[in-house]
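Commentary on secondary and tertiary structure
Okay, here's what each chain looks like letter by letter:
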Amino acid sequence: MSGETYFFRDHGQMDLLRLRLLPELLERRRDTKTLRLWSAGCASGEEAYSLAMLTDMVLPEHEGWNVFILGTDIDTSALAKARQGVYHKWSFRLVPPSLQQRYFRSNAHGWVLDERIRRMVTFDAVNLVGEKFPAGDLRDMDLILCRNVFIYFDADSVAAMANKLGAALREDGYLMTGHTELIGHHIRNLHARLFPEGVVYQREEAVRAAAPVDIRIAPPPAVAQPVPQTHQAAVAAPSADDLLAAAREFADRGAYDRAEQSCRQALGLSPLAADPYFLLAQLAQIRGDFDSARELLEKTLYLDPHNVAGYLELSSLCERADNLPRAQTLRRAALGILRALPGDAVVEQYETTAAEMVQWMT
Ligand SMILES: C[S@@+](CC[C@H](N)C(=O)[O-])C[C@H]1O[C@@H](n2cnc3c(N)ncnc32)[C@H](O)[C@@H]1O
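Report on the accompanying structure. (Residues numbered from 1 in each chain as written. Predicted model: local features only at pLDDT ≥ 70, side-chain atom pairs only at ≥ 80, totals over all residues. Heavy atoms only, no water.)

1. Quick look at the environment of N189
With respect to the helices, strands and loops of the structure, N189 is situated in the loop between β8 (169-177) and β9 (190-195). Taking the relative accessible area as the measure of exposure, N189 reaches 18% and is therefore buried. The spatial distance from the C-alpha of N189 to the C-alpha of Y201 is 9.6 Å, given a sequence separation of twelve residues. For N189, the residues in contact, after removing those within four places along its chain, are N163, G166, A167, Q202, R203 and E204. Engagement of the side chain of N189 in a polar contact is seen with the backbone oxygen of N163, the distance being 3.3 Å. (Helix = DSSP H or I, 4+ residues; strand = E, 2+ residues; numbered from the N terminus. Buried < 20%, exposed > 50% of the residue type's maximum accessible area, 1.4 Å probe, protein only. Contact = heavy atoms within 4.5 Å. Polar contact = N/O pair within 3.5 Å; in protein donor to acceptor, adjacent residues only side chain to side chain.)

Shown next as C-alpha coordinates:
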(Lines give C-alpha, C1' and ligand atoms only; values in the text may rest on other atoms or scores of the structure.)
Protein backbone atom coordinates (compact mmCIF):
# COMPACT_ATOMS: atom_id res chain seq x y z
CA MET A 1 0.00 0.00 0.00
CA SER A 2 1.40 3.38 -0.99
CA GLY A 3 1.71 6.20 1.56
CA GLU A 4 2.00 8.75 -1.24
CA THR A 5 1.38 12.23 0.21
CA TYR A 6 2.60 15.80 0.08
CA PHE A 7 2.06 19.17 1.74
CA PHE A 8 -1.09 21.13 0.87
CA ARG A 9 -2.26 18.26 -1.34
CA ASP A 10 -5.20 19.55 -3.38
CA HIS A 11 -5.12 23.34 -3.45
CA GLY A 12 -8.91 23.63 -3.80
CA GLN A 13 -9.51 21.73 -0.56
CA MET A 14 -6.73 23.65 1.21
CA ASP A 15 -8.32 26.96 0.16
CA LEU A 16 -11.69 25.72 1.37
CA LEU A 17 -10.12 24.97 4.76
CA ARG A 18 -8.17 28.22 5.03
CA LEU A 19 -10.76 30.61 3.70
CA ARG A 20 -13.99 29.07 4.90
CA LEU A 21 -14.08 26.03 7.19
CA LEU A 22 -11.35 26.95 9.68
CA PRO A 23 -12.53 30.59 10.05
CA GLU A 24 -16.09 29.30 10.51
CA LEU A 25 -15.00 26.82 13.18
CA LEU A 26 -12.94 29.47 14.98
CA GLU A 27 -15.97 31.73 15.04
CA ARG A 28 -18.14 28.95 16.46
CA ARG A 29 -15.52 28.05 19.10
CA ARG A 30 -14.90 31.64 20.19
CA ASP A 31 -16.36 30.96 23.64
CA THR A 32 -14.61 27.70 24.48
CA LYS A 33 -11.43 28.50 22.54
CA THR A 34 -10.82 24.84 21.74
CA LEU A 35 -10.17 23.35 18.33
CA ARG A 36 -9.69 19.63 17.64
CA LEU A 37 -8.44 18.54 14.20
CA TRP A 38 -7.59 15.02 13.01
CA SER A 39 -5.68 13.82 9.97
CA ALA A 40 -6.77 10.15 9.77
CA GLY A 41 -4.41 8.13 7.55
CA CYS A 42 -1.75 10.84 7.69
CA ALA A 43 1.12 8.70 6.29
CA SER A 44 4.39 10.60 6.91
CA GLY A 45 2.64 13.63 8.41
CA GLU A 46 2.42 16.15 5.55
CA GLU A 47 -1.37 16.43 5.80
CA ALA A 48 -1.40 16.83 9.61
CA TYR A 49 1.33 19.48 9.44
CA SER A 50 -0.53 21.21 6.60
CA LEU A 51 -3.46 21.51 9.03
CA ALA A 52 -1.11 22.98 11.63
CA MET A 53 0.26 25.52 9.13
CA LEU A 54 -3.24 26.47 7.97
CA THR A 55 -4.29 26.94 11.59
CA ASP A 56 -1.24 29.10 12.14
CA MET A 57 -2.27 31.22 9.13
CA VAL A 58 -5.87 31.76 10.26
CA LEU A 59 -5.08 32.00 13.99
CA PRO A 60 -1.59 33.48 14.24
CA GLU A 61 -2.12 34.31 17.94
CA HIS A 62 -2.81 30.86 19.42
CA GLU A 63 -2.50 32.44 22.88
CA GLY A 64 -5.42 31.38 25.05
CA TRP A 65 -6.55 28.74 22.54
CA ASN A 66 -6.33 25.02 23.10
CA VAL A 67 -5.56 23.63 19.64
CA PHE A 68 -5.25 19.83 19.42
CA ILE A 69 -4.10 18.41 16.07
CA LEU A 70 -3.87 14.64 15.78
CA GLY A 71 -2.21 12.65 12.97
CA THR A 72 -2.87 8.90 12.90
CA ASP A 73 -1.90 6.05 10.63
CA ILE A 74 -1.64 2.27 10.76
CA ASP A 75 1.93 2.44 9.43
CA THR A 76 4.27 3.00 12.38
CA SER A 77 7.36 3.62 10.24
CA ALA A 78 5.51 6.44 8.41
CA LEU A 79 4.58 7.86 11.83
CA ALA A 80 8.22 7.75 12.96
CA LYS A 81 9.12 9.84 9.92
CA ALA A 82 6.21 12.19 10.63
CA ARG A 83 7.44 12.80 14.18
CA GLN A 84 10.87 13.83 12.88
CA GLY A 85 9.39 16.60 10.74
CA VAL A 86 12.19 16.46 8.15
CA TYR A 87 11.14 16.34 4.51
CA HIS A 88 12.56 16.25 1.01
CA LYS A 89 11.63 18.10 -2.16
CA TRP A 90 9.34 15.13 -2.91
CA SER A 91 6.91 16.30 -0.23
CA PHE A 92 6.58 19.86 -1.51
CA ARG A 93 5.61 19.54 -5.19
CA LEU A 94 3.92 22.86 -6.07
CA VAL A 95 4.07 24.42 -2.58
CA PRO A 96 4.94 28.10 -3.11
CA PRO A 97 8.57 28.66 -2.03
CA SER A 98 7.42 31.56 0.17
CA LEU A 99 5.38 29.10 2.24
CA GLN A 100 8.18 26.54 2.29
CA GLN A 101 10.60 29.18 3.49
CA ARG A 102 8.18 30.51 6.08
CA TYR A 103 7.76 27.14 7.79
CA PHE A 104 10.90 25.14 6.98
CA ARG A 105 14.64 25.60 7.02
CA SER A 106 16.97 23.56 4.91
CA ASN A 107 19.91 21.64 6.35
CA ALA A 108 22.05 18.69 5.29
CA HIS A 109 19.21 16.23 6.06
CA GLY A 110 16.47 18.03 4.10
CA TRP A 111 13.81 20.60 4.97
CA VAL A 112 13.24 20.81 8.73
CA LEU A 113 9.80 21.91 9.89
CA ASP A 114 9.57 24.87 12.25
CA GLU A 115 9.64 23.47 15.81
CA ARG A 116 6.59 25.54 16.79
CA ILE A 117 4.48 23.88 14.04
CA ARG A 118 5.94 20.43 14.73
CA ARG A 119 4.87 20.66 18.36
CA MET A 120 1.31 21.51 17.40
CA VAL A 121 0.75 17.93 16.13
CA THR A 122 0.47 14.69 18.12
CA PHE A 123 0.96 11.43 16.21
CA ASP A 124 -0.50 8.08 17.17
CA ALA A 125 -0.92 4.61 15.61
CA VAL A 126 -4.58 3.91 14.86
CA ASN A 127 -6.12 1.23 12.65
CA LEU A 128 -9.24 2.95 11.34
CA VAL A 129 -10.92 -0.39 10.68
CA GLY A 130 -10.12 -2.25 13.90
CA GLU A 131 -10.07 0.59 16.43
CA LYS A 132 -13.29 1.34 18.30
CA PHE A 133 -14.14 5.04 18.38
CA PRO A 134 -15.38 7.59 19.35
CA ALA A 135 -13.18 7.00 22.40
CA GLY A 136 -10.08 8.47 24.04
CA ASP A 137 -8.53 11.15 21.81
CA LEU A 138 -10.60 10.01 18.83
CA ARG A 139 -13.74 11.96 19.61
CA ASP A 140 -15.34 15.43 19.57
CA MET A 141 -13.42 16.49 16.46
CA ASP A 142 -14.14 19.82 14.78
CA LEU A 143 -12.57 18.64 11.56
CA ILE A 144 -11.40 15.27 10.26
CA LEU A 145 -9.38 14.90 7.08
CA CYS A 146 -9.45 11.34 5.80
CA ARG A 147 -8.27 11.62 2.22
CA ASN A 148 -7.00 8.93 -0.11
CA VAL A 149 -7.53 6.22 2.51
CA PHE A 150 -11.03 4.86 1.70
CA ILE A 151 -9.79 3.86 -1.75
CA TYR A 152 -8.15 0.79 -0.26
CA PHE A 153 -11.30 -0.70 1.24
CA ASP A 154 -14.41 -2.57 0.13
CA ALA A 155 -17.83 -0.89 0.29
CA ASP A 156 -18.80 -2.35 3.70
CA SER A 157 -15.57 -1.24 5.34
CA VAL A 158 -15.87 2.23 3.75
CA ALA A 159 -19.38 2.66 5.17
CA ALA A 160 -18.33 1.38 8.62
CA MET A 161 -15.25 3.64 8.72
CA ALA A 162 -17.16 6.72 7.51
CA ASN A 163 -19.91 6.14 10.09
CA LYS A 164 -17.32 5.87 12.88
CA LEU A 165 -15.59 9.04 11.68
CA GLY A 166 -18.95 10.82 11.59
CA ALA A 167 -19.60 9.72 15.18
CA ALA A 168 -16.19 11.11 16.19
CA LEU A 169 -17.17 14.59 14.95
CA ARG A 170 -18.63 17.30 17.13
CA GLU A 171 -22.20 17.92 16.14
CA ASP A 172 -21.26 20.76 13.75
CA GLY A 173 -17.83 19.41 12.75
CA TYR A 174 -16.66 18.57 9.23
CA LEU A 175 -15.30 15.45 7.55
CA MET A 176 -13.25 16.03 4.41
CA THR A 177 -12.40 13.04 2.20
CA GLY A 178 -10.85 12.70 -1.27
CA HIS A 179 -13.27 14.15 -3.83
CA THR A 180 -15.12 11.05 -4.94
CA GLU A 181 -14.28 8.63 -2.17
CA LEU A 182 -17.72 8.47 -0.52
CA ILE A 183 -19.81 8.99 -3.64
CA GLY A 184 -22.17 6.06 -4.15
CA HIS A 185 -21.73 4.80 -0.56
CA HIS A 186 -24.58 4.81 1.90
CA ILE A 187 -23.32 6.65 4.97
CA ARG A 188 -26.03 6.60 7.60
CA ASN A 189 -25.20 9.62 9.75
CA LEU A 190 -23.54 11.97 7.25
CA HIS A 191 -24.84 14.63 4.93
CA ALA A 192 -22.83 16.11 2.06
CA ARG A 193 -22.29 19.86 1.84
CA LEU A 194 -21.17 21.10 -1.55
CA PHE A 195 -18.69 23.90 -2.10
CA PRO A 196 -17.12 24.95 -5.41
CA GLU A 197 -13.81 23.49 -4.17
CA GLY A 198 -15.31 20.14 -3.23
CA VAL A 199 -17.60 18.25 -0.95
CA VAL A 200 -17.42 17.97 2.84
CA TYR A 201 -19.61 15.97 5.19
CA GLN A 202 -21.45 16.93 8.33
CA ARG A 203 -23.55 14.98 10.78
CA GLU A 204 -27.25 14.97 10.00
CA GLU A 205 -28.05 16.84 13.26
CA ALA A 206 -25.73 19.68 12.22
CA VAL A 207 -27.47 20.15 8.92
CA ARG A 208 -30.89 20.26 10.62
CA ALA A 209 -29.68 22.74 13.24
CA ALA A 210 -27.64 24.89 10.84
CA ALA A 211 -27.81 28.57 11.72
CA PRO A 212 -26.04 31.30 9.82
CA VAL A 213 -22.74 32.34 11.41
CA ASP A 214 -20.70 35.45 11.01
CA ILE A 215 -17.77 34.15 8.99
CA ARG A 216 -14.69 36.31 8.96
CA ILE A 217 -12.75 35.29 5.94
CA ALA A 218 -9.02 35.55 6.58
CA PRO A 219 -7.17 37.46 3.87
CA PRO A 220 -5.06 35.16 1.73
CA PRO A 221 -1.33 35.29 2.52
CA ALA A 222 0.35 37.98 0.50
CA VAL A 223 1.66 36.63 -2.77
CA ALA A 224 4.28 38.84 -4.33
CA GLN A 225 3.61 39.72 -7.95
CA PRO A 226 5.94 37.60 -10.03
CA VAL A 227 8.59 39.38 -11.97
CA PRO A 228 10.40 36.67 -13.91
CA GLN A 229 14.02 37.75 -14.23
CA THR A 230 14.35 35.76 -17.42
CA HIS A 231 11.86 38.11 -19.10
CA GLN A 232 13.31 41.32 -17.74
CA ALA A 233 16.83 40.48 -18.83
CA ALA A 234 15.89 39.25 -22.29
CA VAL A 235 16.60 41.67 -25.10
CA ALA A 236 15.86 39.27 -27.96
CA ALA A 237 12.53 37.40 -28.14
CA PRO A 238 12.45 34.78 -25.36
CA SER A 239 13.29 31.17 -26.24
CA ALA A 240 11.10 28.18 -25.34
CA ASP A 241 13.43 27.53 -22.36
CA ASP A 242 13.07 31.14 -21.17
CA LEU A 243 9.30 30.88 -21.41
CA LEU A 244 9.26 27.61 -19.50
CA ALA A 245 11.51 29.05 -16.78
CA ALA A 246 9.18 32.05 -16.54
CA ALA A 247 6.18 29.70 -16.35
CA ARG A 248 7.80 27.86 -13.43
CA GLU A 249 8.44 31.13 -11.62
CA PHE A 250 4.86 32.22 -12.12
CA ALA A 251 3.60 28.85 -10.88
CA ASP A 252 5.90 28.94 -7.84
CA ARG A 253 4.46 32.31 -6.90
CA GLY A 254 0.85 31.28 -7.36
CA ALA A 255 0.23 33.23 -10.61
CA TYR A 256 -1.25 30.16 -12.27
CA ASP A 257 -2.95 31.87 -15.25
CA ARG A 258 0.26 33.58 -16.29
CA ALA A 259 2.16 30.32 -15.77
CA GLU A 260 -0.24 28.58 -18.14
CA GLN A 261 0.10 31.38 -20.69
CA SER A 262 3.92 31.13 -20.67
CA CYS A 263 3.74 27.33 -20.96
CA ARG A 264 1.50 27.59 -24.03
CA GLN A 265 3.90 30.13 -25.57
CA ALA A 266 6.79 27.74 -24.89
CA LEU A 267 4.87 24.97 -26.64
CA GLY A 268 4.21 27.30 -29.57
CA LEU A 269 7.98 27.51 -30.07
CA SER A 270 8.78 23.92 -29.17
CA PRO A 271 5.69 21.74 -29.69
CA LEU A 272 7.44 18.44 -28.95
CA ALA A 273 8.88 19.47 -25.58
CA ALA A 274 7.60 17.30 -22.71
CA ASP A 275 8.31 19.65 -19.79
CA PRO A 276 5.69 22.33 -20.63
CA TYR A 277 3.06 19.56 -20.78
CA PHE A 278 4.18 18.35 -17.36
CA LEU A 279 3.84 21.83 -15.88
CA LEU A 280 0.45 22.30 -17.56
CA ALA A 281 -0.64 19.02 -15.95
CA GLN A 282 0.35 20.32 -12.52
CA LEU A 283 -1.55 23.55 -13.16
CA ALA A 284 -4.61 21.55 -14.23
CA GLN A 285 -4.39 19.62 -10.95
CA ILE A 286 -4.33 22.85 -9.01
CA ARG A 287 -7.51 23.93 -10.81
CA GLY A 288 -9.04 20.59 -9.89
CA ASP A 289 -9.31 19.61 -13.57
CA PHE A 290 -8.06 16.06 -13.18
CA ASP A 291 -9.20 14.78 -16.58
CA SER A 292 -7.09 17.40 -18.37
CA ALA A 293 -4.21 16.68 -15.99
CA ARG A 294 -4.34 13.00 -16.94
CA GLU A 295 -4.35 13.80 -20.67
CA LEU A 296 -1.44 16.22 -20.30
CA LEU A 297 0.58 13.65 -18.37
CA GLU A 298 -0.11 11.04 -21.07
CA LYS A 299 1.32 13.54 -23.58
CA THR A 300 4.33 14.16 -21.32
CA LEU A 301 5.10 10.45 -21.24
CA TYR A 302 4.53 10.02 -24.96
CA LEU A 303 7.11 12.74 -25.62
CA ASP A 304 9.47 11.69 -22.83
CA PRO A 305 9.04 8.00 -21.92
CA HIS A 306 11.69 8.31 -19.18
CA ASN A 307 9.99 11.09 -17.25
CA VAL A 308 9.89 9.65 -13.71
CA ALA A 309 7.78 12.49 -12.29
CA GLY A 310 5.31 12.05 -15.18
CA TYR A 311 4.78 8.39 -14.23
CA LEU A 312 4.41 9.20 -10.54
CA GLU A 313 1.96 12.06 -11.03
CA LEU A 314 -0.14 9.99 -13.42
CA SER A 315 -0.02 7.12 -10.95
CA SER A 316 -1.43 9.41 -8.21
CA LEU A 317 -4.22 10.54 -10.53
CA CYS A 318 -5.11 6.95 -11.44
CA GLU A 319 -5.13 6.08 -7.73
CA ARG A 320 -7.46 9.01 -7.18
CA ALA A 321 -9.76 7.75 -9.96
CA ASP A 322 -9.83 4.29 -8.37
CA ASN A 323 -7.76 2.79 -11.17
CA LEU A 324 -5.38 1.03 -8.81
CA PRO A 325 -3.95 -1.52 -11.30
CA ARG A 326 -2.85 1.27 -13.69
CA ALA A 327 -1.55 3.32 -10.75
CA GLN A 328 0.62 0.40 -9.69
CA THR A 329 1.86 -0.26 -13.23
CA LEU A 330 2.91 3.39 -13.60
CA ARG A 331 4.65 3.39 -10.23
CA ARG A 332 6.51 0.23 -11.17
CA ALA A 333 7.57 1.88 -14.44
CA ALA A 334 8.98 4.86 -12.49
CA LEU A 335 10.79 2.52 -10.14
CA GLY A 336 12.23 0.57 -13.10
CA ILE A 337 13.62 3.78 -14.62
CA LEU A 338 15.07 4.91 -11.30
CA ARG A 339 16.71 1.53 -10.68
CA ALA A 340 18.34 1.64 -14.12
CA LEU A 341 19.91 5.05 -13.36
CA PRO A 342 23.22 5.41 -11.52
CA GLY A 343 22.41 5.83 -7.80
CA ASP A 344 23.82 9.36 -7.70
CA ALA A 345 21.93 10.55 -10.81
CA VAL A 346 19.88 13.62 -9.89
CA VAL A 347 16.12 13.48 -10.51
CA GLU A 348 15.58 17.14 -11.25
CA GLN A 349 11.87 17.53 -10.48
CA TYR A 350 12.44 16.24 -6.95
CA GLU A 351 15.94 17.63 -6.42
CA THR A 352 17.13 14.31 -5.13
CA THR A 353 19.05 11.24 -6.30
CA ALA A 354 17.73 8.11 -7.97
CA ALA A 355 19.03 5.99 -5.06
CA GLU A 356 17.16 8.08 -2.50
CA MET A 357 13.94 7.88 -4.46
CA VAL A 358 14.23 4.10 -4.79
CA GLN A 359 14.69 3.95 -1.04
CA TRP A 360 11.57 6.06 -0.34
CA MET A 361 9.46 4.14 -2.81
CA THR A 362 10.29 0.63 -1.64
C1 LIG B 1 -2.19 7.49 0.15
S2 LIG B 1 -1.90 7.71 1.85
C3 LIG B 1 -2.83 9.18 2.15
C4 LIG B 1 -2.08 10.21 2.93
C5 LIG B 1 -2.80 11.53 3.13
N6 LIG B 1 -4.07 11.33 3.79
C7 LIG B 1 -2.98 12.25 1.81
O8 LIG B 1 -4.08 12.24 1.27
O9 LIG B 1 -2.02 12.85 1.32
C10 LIG B 1 -2.90 6.44 2.58
C11 LIG B 1 -2.54 6.16 4.04
O12 LIG B 1 -3.60 5.39 4.62
C13 LIG B 1 -3.02 4.55 5.57
N14 LIG B 1 -3.96 3.45 5.92
C15 LIG B 1 -4.34 2.43 5.14
N16 LIG B 1 -5.17 1.60 5.82
C17 LIG B 1 -5.32 2.14 7.05
C18 LIG B 1 -6.06 1.75 8.21
N19 LIG B 1 -6.81 0.64 8.25
N20 LIG B 1 -5.98 2.53 9.30
C21 LIG B 1 -5.22 3.64 9.29
N22 LIG B 1 -4.51 4.07 8.23
C23 LIG B 1 -4.56 3.31 7.12
C24 LIG B 1 -1.75 4.06 4.86
O25 LIG B 1 -0.81 3.54 5.82
C26 LIG B 1 -1.28 5.33 4.18
O27 LIG B 1 -0.33 6.01 4.97
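2. Here's the deal with the site of the ligand
In the vicinity of the ligand, 21 residues are found, and the nearest of them are T5, R9, G41, D73 and N148. Within the contact set of the ligand, an oxygen atom lies 2.8 Å away from a side-chain nitrogen or oxygen of R9. With respect to the ligand, the side chain of D73 contributes an N or O atom lying 2.6 Å from an oxygen atom. Contact with the protein chains covers 97% of the free accessible surface of the ligand, which is 610 Å². Along the lines of polarity and charge, the residues of the shell around the ligand split into nine nonpolar, six polar and six charged. (Near = heavy atom within 4 Å. Areas by Shrake-Rupley, 256 points an atom, 1.4 Å probe, with all protein chains shown as cover. Nonpolar A, V, L, I, M, F, W, Y, C, P; charged D, E, K, R; others polar.)

3. Some words on the nonpolar core
One finds F7, F8, L17, M53 and L143 to be the most contacted residues of the largest nonpolar core, which totals 43 residues. It is helix α2 (residues 46-58) that provides the largest number of residues to this core, a total of eight residues. Core analysis: the second largest hydrophobic core is formed by 41 residues, L267, C318, L330 and Y350 among them. (Core = buried A, V, L, I, M, F, W, Y, C linked by side-chain atoms within 4.5 Å.)

4. Thoughts on the packing of aromatic side chains
Within the structure shown, the criterion is met by eight aromatic pairs. Relative to Y87, the ring of Y49 lies with its centre 6.2 Å away and its plane at 80°, an arrangement referred to as edge-to-face. Pair noted here: Y49 is in helix α2 and Y87 is in strand β3 (residues 86-87), with a separation of 38 residues, a long-range link. Both residues of the pair, Y49 and Y87, belong to the buried class. (Phe/Tyr/Trp six-rings, centres within 6.5 Å; stacked < 30°, edge-to-face > 60°.)

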